[in-house]
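Structure at a glance
Chain by chain, the residues run as shown.
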Amino acid sequence: MSPAPRPAVAARVLELARRVLTIEAEAIQALSDRLDGSLVRAVDLILASPGRVIVSGVGKSGHIGRKFAATLASTGTPAYFVHAAEAAHGDLGMITSSDVLIALSYSGSGEELLKIVPLIKRQGARLIAITGNTSSPLAQEADVHLDAAVKEEACPLNLAPTASTTASLALTDALAVALLDARGFGADDFARSHPGGALGRRLLTHVEDVMRTGSAIPRVAEHALLADALMEMTRAGMGMTAIVGSDDRIVGIYTDGDLRRSLASGCNFSSAGVAEVMSLGPRTIQARALAVEAAEMMERLRISQLLVTDEGGRLVGALNHHDLMLAKVI
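What counts and how
- Residues numbered from 1 in each chain as written.
- Predicted model: local features only at pLDDT ≥ 70, side-chain atom pairs only at ≥ 80, totals over all residues.
- Heavy atoms only, no water.
- Pairing = 2+ DSSP bridges.
- Helix = DSSP H or I, 4+ residues; strand = E, 2+ residues; numbered from the N terminus.
- Axes fitted to C-alpha atoms, helices over the stretch in contact; angles between N-to-C directions.
- Salt bridge = Lys/Arg side-chain N within 4 Å of Asp/Glu carboxyl O.
- Buried < 20%, exposed > 50% of the residue type's maximum accessible area, 1.4 Å probe, protein only.
- Parallel < 35°, antiparallel > 145°, perpendicular 65-115°, else oblique.
- Left-handed = near helix turned anticlockwise from the far one by under 90°.
- Contact = heavy atoms within 4.5 Å.
- Nonpolar A, V, L, I, M, F, W, Y, C, P; charged D, E, K, R; others polar.
- Core = buried A, V, L, I, M, F, W, Y, C linked by side-chain atoms within 4.5 Å.
- Right-handed = clockwise from strand over helix to strand, strands pointing away.

1. So, the sheet that holds strand β6 (residues 219–221)
- The strand order β6-β7-β8 describes an open sheet built from three strands, whose pairing is mixed. On the outer flanks of this sheet lie β6 and β8 (250–255), each paired with one strand and no other. Pairs of neighbouring strands in the sheet enclose a mean axial angle of 30°, with direction left out of account.
- For β6 and strand β7 (residues 240–244), the ladder comprises three bridges, and the chain directions are parallel. Considered in β7, the bridge of R219 is made with A242.

What follows is the structure in structure tokens.
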């Protein structure tokens, strides 16, 4: 095991880490205070474009650019990343006159980007530049310039890109979210671009996808005996049974909790009708509702089962916590 750091070293580590976080937080706040109509013009330019957004950069700006392109693509704005150096060696053919190029360069004077900008503009593509220098060549060439300047880097040498990359990341996130909102991009849209994993399951799974149907639904007629209801509860193994009328509309429910109350009251199980002891007005959910809504309802109401209805209020399914867990909704 490595020895614990000496107190003086530990204090220095924490002091430096806090300084980095403070500088970067102040850089983002300054960026927020400086936002103006340029961001609005950038949003308008992208929304008006019939093509895609191409993001380009080199070095640390390139890393930020890759993340930005991925965020745009997953939130309703078709986008991809093109490395500036690769663009000069053939990838320029991926960019059309209908596209918008977003170029990231803190200095705004990177040779690789400046080499391809005139070629891109010549074919009619529009240019949004994100730099830390408003008078840089890249900023001057841009149709819209977004200022990502920071007062200082968080690096003690004021050399390594730290606060500047944080500011660029935050600014590109702000642009992506503004576009998301302007496009009316919602949860269902987000789910379609994130079908894998827990997020997709939560956003795409509907109650009808996981509910029990047909003979798996515990149900008895409203004129049934309580003994019949108990047999149905045992058969289905859901800890309840629905009580339905002749048209399959739900008139009540009989649960494990109702069973305990029946036992406590000395109910005659062989002669009592289930309608005498059932609970009226059970909680229901429609089949087309999201499964995550069913999970939220169960948690909020502290219940473990739900009856599922169609739009006409007829029983079409049943659901419990276990079903949601198997579907990995919860």
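2. Topic: the pattern of salt bridges
- All told, the structure shown has 13 salt bridges when counted by the stated rule.
- Linking E208 and R288 is a salt bridge whose minimum nitrogen-to-oxygen distance equals 2.4 Å. Remark: R288 occurs in the loop between β9 (284–286) and α14 (291–301) and E208 occurs in helix α10 (residues 207–210); sequence separation between them is 80 residues.
- Residues R314 and D310 are paired through a salt bridge, measuring 3.3 Å at the closest nitrogen-oxygen approach.
- By relative accessible area, R314 is classed as partly exposed at 33%.
- For D310, a relative accessible area of 23% puts it in the partly exposed group.

3. With respect to the packing of helix α3 (residues 59–74) against helix α7 (residues 163–182)
- Two elements in contact, α3 and α7, have axes separated by 10 Å at closest approach and are oriented at 20°. Overall, the two elements α3 and α7 adopt an arrangement that is roughly parallel. Taken as a pair, α3 and α7 cross one another with a handedness that is right-handed. Residue-level inspection shows K60, I64, K67, F68, T71 and L72 of α3 in contact with α7, the latter providing T165, S168, L169, T172, D173, L175, A176 and L179.
- A breakdown of the residues in the contact of α3 with α7 according to their chemical character gives seven nonpolar, four polar and three charged.

4. Structural notes on unusual backbone geometry
- A positive phi angle is found at D248, which is not glycine, with a value near 70°.
- As for its position among the elements, D248 is in the loop between β7 and β8.
- A positive phi angle, near 55°, is found at R302, a position not held by glycine.
- Here R302 is to be found in the loop between α14 and β10 (305–309).

5. Details of the nonpolar core
- Counting 32 residues, the largest nonpolar core has I46, V55, L72, I102, I128, L146 and L175 as its most contacted members.
- Per-element accounting of this core gives the leading share, six residues, to α7.
- Sequence-distant contacts of L72, that is, excluding residues within four places in its chain, are made with V53, V55, T77, A79, A176 and L179.

6. A short note on the side chain of S61
- Structurally, the position occupied by S61 is in helix α3.
- Note on S61: relative accessible area 16%, which makes it buried.
- Dropping the residues within four chain positions of it, S61 is found in contact with L104, S105 and Y106.

7. What to know about the pairing of strand β1 (residues 53–57)
- β1 sits mainly inside the fold: five of its five residues count as buried.
- Burial along β1 is two-sided: the residues V53, V55 and G57 and I54 and S56 are all buried.
- Examined bridge by bridge, β1 and strand β2 (residues 79–81) share three bridges and lie parallel to one another. Across the sheet, the residue bridging to V55 is F81, located in β2.
- The parallel pair β1 and β2 is bridged by α3, and the resulting crossover is right-handed.
- Two strands pair when backbone bridges link them, and β1 and strand β3 (residues 100–104) are joined in this way by five bridges, in the parallel orientation. Paired with V53 across the strands is V100, a residue of β3.

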